[in-house]
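The lines below spell out each chain.
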Amino acid sequence: MSNRDLRGRAVADEILAGVAAEVEALKKTSWSPKLMSITVGDVTAVDVYVRNQRRIAERIGIVFEERNFPENVGQQELLAAIRAMNVDPTVTGIIIQRPVPRHISVKALQIAVHPLKDVEGMHPTSIGNIVYNELDLAPCTAMASVEMLKRTNLELKGLEVVVVGHSEIVGKPIAFLLMAEGATVTVCHHMTRNLQIHTRRADAVFVAVGRPRLLTGEMVKPGAAIIDIGINEVDGPDGRKIVVGDVDYDSCVEHAGWITPVPGGVGPVTVSVLMRNTMIAMRRLKAHYEAEFGAGDL
Ligand code: NAP
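Computed from a predicted model, the values in this text were never measured in an experiment.

On to the nonpolar core, then. By size, the foremost hydrophobic cluster in this structure holds 56 residues, and its most contacted members are L149, I174, L178, F206 and M275. Of all the secondary-structure elements, those providing two or more residues to this core are α1 (9-26), α2 (44-59), α6 (140-150), β4 (160-164), α7 (171-180), β6 (204-207), β7 (225-228) and α10 (266-293). Per-element accounting of this core gives the leading share, 12 residues, to α10. Structurally, this core is a two-domain feature, drawing no fewer than three residues from each of domain 1 (30-114 + 269-297) and domain 2 (137-264). Filtering out sequence-adjacent residues up to four positions away, I174 remains in contact with A142, S145, V146, V163, F206 and I229.

What follows is the structure in structure tokens.
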């Protein structure tokens, strides 16, 4: 642990306090947020994440309901279930937990979720909104990562930022969110010829690759902000499994101005952004119903 650590807990608590206040205020109306979590097949890999989402949702007054479908469920059956949730006025947000079995297209499921209930920010409409600089609802991890950079109080306009990894769920939305803030963004991936040429000149580096300790100290400019998004399980010194990020913390911490530890950095903020997205989606849903049927409660 270092005084350069950018820890996520306080950031998450602050976001959750805002959401909790909004849920409380809603009690005067007939509206209340309800998240529907969809898992398919064996849930062991996601169980800890889902339980954490449930715990946090319930703590701040968001109803959290789980639907688990059997491993051999068909794509059409899942799509039909999502469509039913789309038209159920008591469901205000839908999360598709990954991974899903190989015969299911997660992309098709994400597209089936109505954009007004897309709390993950993964529907093409939500991603398109970011491209058009509407930044309030974005993919949770990407948004959480950018929140962490904002906590450094670095001026984002003109900041040289390198994003390592260009997945649809993390790297690309981070790049769009930062471009909208005025940063100068370089995106690197597995075909980038010399990664460290880019990372060494960056004021801030985001790493979302899934390769343990990919970014090492000599690849970082002194004083840079390092946002580590990776979550990797590796063998610890005593042979037991430990979780590490994509950043080699020990060699980077001496060079960094700020660094997000793993665990304890971006992770807790991601869940709080999911809760904030739930409220944003619900506000949009409410505005939609009011525009359609007139103001007042359902
Ligand atoms: P992903 O879909 O596998 O994408 C990985 C990205 O890294 C791809 O764009 C890939 O580029 C790029 N890449 C692969 N090897 C590279 C290399 N040697 N140098 C530079 N780039 C390279 O993974 P993801 O879903 O974005 O997740 C990335 C990491 O974040 C994982 O560890 C995941 O567990 C973690 N994660 C954390 C959270 C959180 O809440 N903290 C949430 C989601 C994910 P190509 O496509 O060109 O190969």
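So, next bit.
Taken as a whole and assessed by the stated rule, the structure comprises 19 salt bridges. Across the pair R7 and D5 runs a salt bridge whose closest N-O atoms are separated by 3.2 Å. Here R283 makes a salt bridge to E22, at a shortest N to O gap of 2.7 Å. Taken together, the residues span a long stretch of sequence, with R283 in helix α10 and E22 in helix α1 at a distance of 261 residues. Given the relative accessible area of 25%, E22 is considered partly exposed. Through salt bridges that share partners, E14, E147, R151 and R276 make up one connected network.

With that settled, consider the environment of W31. Here W31 lies in the loop between α1 and β1 (34-40). As a C-alpha pair, W31 and I259 span 228 residues in sequence and 40 Å in three-dimensional space.

Right, let's get into unusual backbone geometry. Each neighbour pair has its own omega, and for R98 with P99 the value is 5 degrees, a cis peptide bond. Locating P99 in the fold gives a position in the loop between β3 (93-96) and α4 (106-112). Here V262 and P263 are connected by a cis peptide whose omega angle stands at -5 degrees. Checked against the element boundaries, P263 lands in the loop between β10 (258-259) and α10. Even without glycine at this site, N153 takes up a positive phi of about 65 degrees. With respect to the element layout, N153 can be found in the loop between α6 and β4. Even without being a glycine, R213 presents a positive backbone phi close to 55 degrees. Following the sequence through the fold, R213 ends up in the loop between β6 and β7.

If you add up the space inside the largest pocket, you get close to 1300 Å³. Surrounding the largest pocket, 45 residues form its lining, Y49, T141, I231, G267 and T270 being those nearest its centre. Breaking the lining of the largest pocket down by element, the ones donating at least two residues are α1, α2, β3, α6, β8 (232-235) and α10. Per-element accounting of the lining of the largest pocket gives the leading share, 8 residues, to α2. Broken down by class, the residue content of the lining of the largest pocket amounts to 26 nonpolar, 12 polar and 7 charged. The computed volume of the second largest pocket comes to approximately 340 Å³. Lining the second largest pocket are 15 residues; nearest its centre among them are K107, Q110, M122, E168 and I169. Broken down by secondary-structure element, the contributors of at least two residues to the lining of the second largest pocket are α4, α5 (124-131) and α7. Looking at side-chain class alone, the lining of the second largest pocket contains 9 nonpolar, 2 polar and 4 charged residues. A domain-level breakdown of the lining of the second largest pocket finds at least three residues from each of domain 1 (30-114 + 269-297) and domain 2 (137-264).

Often, the extent of an interface is quoted as the loss of accessible area upon association of its parts. One can read the domain layout of the protein as domain 1 (30-114 + 269-297) and domain 2 (137-264). The C-alpha centroid of domain 2 is placed 28 Å from the C-alpha centroid of domain 1. With 11 residues of domain 1 at the contact, the number on the domain 2 side is 10 residues. Taken together, the two surfaces of domain 1 and domain 2 that pack against each other cover about 850 Å², and 66% of this comes from carbon and sulfur. Looking only at domain 1, the three residues that lose the most surface to domain 2 are V269, T270 and N277, adding up to 44% of its buried area. Connecting domain 1 to domain 2 are 1 salt bridge. As a salt-bridge pair, E147 and R276 come within 2.7 Å of each other at their nearest N and O atoms.

Cut-offs and rules
- Residues numbered from 1 in each chain as written.
- Predicted model: local features only at pLDDT ≥ 70, side-chain atom pairs only at ≥ 80, totals over all residues.
- Heavy atoms only, no water.
- Core = buried A, V, L, I, M, F, W, Y, C linked by side-chain atoms within 4.5 Å.
- Buried < 20%, exposed > 50% of the residue type's maximum accessible area, 1.4 Å probe, protein only.
- Helix = DSSP H or I, 4+ residues; strand = E, 2+ residues; numbered from the N terminus.
- Domains from an automatic or database assignment.
- Contact = heavy atoms within 4.5 Å.
- Salt bridge = Lys/Arg side-chain N within 4 Å of Asp/Glu carboxyl O.
- 1 Å grid on protein atoms, 1.4 Å probe; cavity = no way out; pocket = protein on both sides within 12 Å on 5 of 7 lines; lining within 4 Å.
- Points joined across faces, edges and corners; volume = space filled by probe spheres on them.
- Nonpolar A, V, L, I, M, F, W, Y, C, P; charged D, E, K, R; others polar.
- Buried area = accessible area lost by both parts, 1.4 Å probe.

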